[in-house]
Amino acid sequence: MQVTLRDIKLAYDHQPATLNHFSAQLPDGQLTALLGPSGSGKSTVLNLLAGLLTPDAGQIYFDQTEVTHLASRQRHIGMVFQDYALYPHLTVRDNIAFPLKMAHVRKAARYQRVAELAQLVQMTDQLAKFPRQLSGGQQQRVAIARALAKRPDLLLLDEPLSSLDTTLREDLREGIHRIQRATGVTTVLVTHDQDDALQIADQIMILADGRLQQVGTGTALYRHPHNLTVAQSIGRPQLNTCAVTALPTAWRQVLPLEYYQQATTVGIRSEALHLETPTDPHTVAGTISRQIQLGRDHQTTLHTATLRLVSTALPATLQTAVSIGLDPTGCLLFAADGRCIWAGDAHA
Amino acid sequence: MLNAKPTWKSTLKTLLYLAPLLLITAVFTIWPLLNAFLMSVYTKYNYFTDHVGAIGWNNFAYLWHDPLFHLACRNTLLLALVATPLTVALSLLIAYGLNRIHHLARFFRTIYFLPFVTSTIAVGLVWNWIFRLDGGLLNRILGWFGYSAIDWLNDPHYALAALMVVCVWQGLGFNILLFLASLNHIDQRYTAAARLDGANAWQRFTNVTWPLLLPMTILIIVNTALTNFKVFDQVYALFHGSAGPGNADLTLLYYLYQKFYVENQYAVAAASGVIFFLLIGGVTLLTYGYFRHRRRQMGGRL
């Protein structure tokens, strides 16, 4: 099912609008991630889709049907809440069967569906337990099974991974991806973690300040961000930024002059800073203040005369004084309003 | 130290801290309780000289054959069995309503809580006026609907019902407060989840809210049942120091009071007290047992 949000406005009491003129489209059968910092309005979007909030203005469409004022229970949606909201007084089996019971499905049919879902989320041996007896990861899988029970047209996941530890996160991220592929249900995943979004989403929507900043695949967002906010929210370590005036002259020369003159801010990806022989005319002298090993990679903190930069392209070294070259494909130029005017090779 | 092991010394020290309260409990609760149990088997007993002539089950035999005691038992059980569910159901309904309205909720909460903090004597007098045959509020309202006036307080058929009304009304305030606290404690996400799972308002209440309220409901049922077993002052105030027309509102505690203070049959009063004790003890154990059973059923939660 394709979901369309058109010109949505929503403000909580006595606060500036959380969403203003917000429009977005979620393609049918795909997993869309809403990525943004807390307070960006991403949970608000989810609650609007769920029908737990009603917009002050604007429309929501499920395919061609308008559902803006339709009650949650008539929207045919499955939702996984942030800390799962499993009914504590029901067993895993009855939790999963709950939406079917509400729809007056007969008990035998109900439990058959539960068996299917338990298989899908790999919880078959835990059906008789109560939620409090399960680990966080198991609870999450039960919550997903419950959300899928009535074969919803839309699956909403509200930060489903945020309360889990790193190893489990990886596992369950995979799990969500697998289940979404197996069922083909249109899915929205809200997260503040770019790794969650990059690893499983077909398309990522970046939200900040109540506005949709950009929609695209992980590659597109990284290579061709529309603005500084997007560029800063994708990529780890975060994009190095500096004012154009602070950039050393030797590096300015590798950037295209026509765009450079319009720009106020330069963004430098960490992989664009590499070691170069001092004889090269486009190098800048720098000192290494800190180098840390992050698994396979090294993350190096550098200082030039004017800048503090982070690089991941420097090899492990004991030197502190180094000559650093700048790779133009890892550079971004931003205009005064934050718009990206040049992104390494092509202009945005 | 969080992992300190209890020793004899530490236990003694703890007892020393507890001693003042333990002493008060022993003197004013445990000693009288023991005495009451003992007194219930004294048969030839002079209360003023504390002379015990003989010991035996005669007092209990007396109660066994006393039609007044039977009446008191019947009235008390009837009162508890009717007033308790009514009180609990009404307070749940009102608390649920108050929880959902946003305006004036505080005002209504105060109104409902007032009976709990008002003296029973004052309450009894006001209800006495409400129930009056001529000019009473209740009969006036009945009159508007075309019913003939009922002499609530002097007709043996209605006197117990009148008492029930007062007991229910007086029990509402505190129970509403407890239910409201418990309702506020239920995580909103459960109802939101149920909404998305397709549950309508009634299904949300029966499948989510009600089961989550169960621990509090059991507590309230026990508490209300005990309160309704112990009705005395309401009778006293409503009927100006009698047990109602033809003893229609004679409760167990009123019976005990009469035996002790009016008829000076101290040992019989003590025996009825023992039976009363066993009765409410039994009710408490029964509900507690049910509670434990449910807790085990729900995987140790609650």
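Residues numbered from 1 in each chain as written. Chains lettered and ligands numbered in written order. Predicted model: local features only at pLDDT ≥ 70, side-chain atom pairs only at ≥ 80, totals over all residues. Heavy atoms only, no water.

Draft legend 1. Representation of the overall build of chain B. When you go through chain B residue by residue, the secondary structure sums to 12 helices and 2 strands. The linear arrangement of helices and strands in chain B, starting from the amino end, is α-β-β-α-α-α-α-α-α-α-α-α-α-α. The principal-axis extent of the C-alpha atoms belonging to chain B is close to 75 × 75 × 30 Å. A burial count over chain B gives 40% of its 302 residues as buried. In chain B, of all internal contacts separated by at least 6 residues, the share reaching a separation of at least 24 is 64%. If you sum the accessible surface of chain B, you get close to 17700 Å²; carbon and sulfur atoms cover 69% of it. Within chain B, one finds 20 positive and 10 negative side-chain charges whose respective centroids are separated by 20 Å. (Helix = DSSP H or I, 4+ residues; strand = E, 2+ residues; numbered from the N terminus. Buried < 20%, exposed > 50% of the residue type's maximum accessible area, 1.4 Å probe, protein only. Contact = heavy atoms within 4.5 Å. Areas by Shrake-Rupley, 256 points an atom, 1.4 Å probe, with all protein chains shown as cover. Lys, Arg positive; Asp, Glu negative; His and termini not counted. Charge placed at Lys NZ, Arg CZ, Asp CG, Glu CD.)

Draft legend 2. Representation of the pattern of salt bridges within the structure. Residues and elements named next belong to chain A. Taken as a whole and judged by the stated rule, the model has 17 salt bridges over all chains. Of the charged contacts, one joins R173 and D193 as a salt bridge, the two residues approaching to 3.9 Å between their closest N and O atoms. Highlighted residues: R173 in helix α5 (residues 166–183) and D193 in the loop between β8 (186–191) and α6 (194–200), separated in sequence by 20 residues. Through salt bridges with shared partners, a single ionic network connects R169, E170, R173, D193, D195, D196 and R236. (Salt bridge = Lys/Arg side-chain N within 4 Å of Asp/Glu carboxyl O.)

Draft legend 3. Inspection of the interface of chain A and chain B at higher detail. Contacts between chain A and chain B engage 23 residues on the former and 21 residues on the latter. Taking both sides of the interface into account, the surface hidden between chain A and chain B amounts to around 2100 Å²; carbon and sulfur atoms contribute 63%. In this structure, the connection of chain A to chain B is made through 2 salt bridges. Residues A:D83 and B:R189 are paired through a salt bridge, measuring 2.7 Å at the closest nitrogen-oxygen approach. At the boundary of chain A and chain B, one finds 7 residue pairs in polar contact (both at pLDDT 80 or more). Every element with two or more residues in the side of chain A that touches chain B is listed here: β6 (77–80) and α2 (92–102) of chain A. No other element matches α2(A), which puts 4 residues into the side of chain A that touches chain B. Its residues assigned to classes, the side of chain A that touches chain B shows 14 nonpolar, 3 polar and 6 charged. (Buried area = accessible area lost by both parts, 1.4 Å probe. Polar contact = N/O pair within 3.5 Å; in protein donor to acceptor, adjacent residues only side chain to side chain. Nonpolar A, V, L, I, M, F, W, Y, C, P; charged D, E, K, R; others polar.)

Draft legend 4. Spotlight on the pairing of strand β9 (residues 203–208) of chain A. All names here are of chain A. Most of β9 sits inside the fold, with 6 of its 6 residues counted as buried. Going residue by residue along β9, you find Q203, M205 and L207 tucked away on one face and I204, I206 and A208 tucked away on the opposite face as well. Examined bridge by bridge, strand β3 (residues 31–35) and β9 share 4 bridges and lie parallel to one another. When the sheet's bridge partners are listed, L34 is paired in β9 with M205. As judged from the 5 bridges shared by β9 and strand β10 (residues 211–216), these two strands associate in the antiparallel manner. Looking at the pairing, I204 lines up with G216 of β10. Here β9 folds back onto β10, and the loop between the two strands holds 2 residues, one of which, D209, carries a positive phi near 55°. (Pairing = 2+ DSSP bridges.)

Draft legend 5. Structural detail: a nonpolar patch on the surface. Residue and element names in this part refer to chain B. On the surface, a cluster of nonpolar side chains totalling about 670 Å² of accessible area is made up of L77, L78, L81, V82, L86, L90, L93 and L279. Counting residues per element, the nonpolar patch draws most heavily on helix α3 (residues 67–100), which supplies 7 residues. The topology assignment puts L90 in helix α3. Residue classification places L90 among the partly exposed positions, given a relative accessible area of 33%. (Patch = residues over 30% accessible without salt bridge, like charges linked within 9 Å, V, L, I, M, F, W, Y side chains within 5 Å.)

Draft legend 6. Inspection of the domain arrangement of chain A at higher detail. Residue and element names in this part refer to chain A. In terms of domain boundaries, chain A breaks down into domain 1 (3–226) and domain 2 (233–343). Placing a centre on the C-alpha atoms of domain 1 and another on those of domain 2 gives a separation of 38 Å. Taking both partners together, domain 1 and domain 2 bury about 1000 Å²; carbon and sulfur atoms supply 48% of that area. Joining domain 1 to domain 2, the criterion identifies 2 salt bridges. One salt bridge connects D195 with R236, and the closest N-O pair in it is separated by 3.1 Å. Remark: the boundary between domain 1 and domain 2 carries 7 residue pairs in polar contact (both at pLDDT 80 or more). For the side of domain 1 that touches domain 2, the secondary structure elements donating two or more residues are α6 and α7 (218–223). Looking at the side of domain 1 that touches domain 2 residue by residue, the class counts come to 6 nonpolar, 3 polar and 3 charged. (Domains from an automatic or database assignment.)

Draft legend 7. Structural context of the environment of A:A285. All names here are of chain A. Among the structural elements, A285 can be located in strand β14 (residues 284–294). Here A285 falls in the exposed class, since its relative accessible area comes to 61%. In the structure, A285 is positioned 38 residues away from S323 in sequence and 4.6 Å away in space, judged by C-alpha atoms. Setting aside anything within four residues of it in sequence, one finds A285 in contact with H303, T304 and V322.

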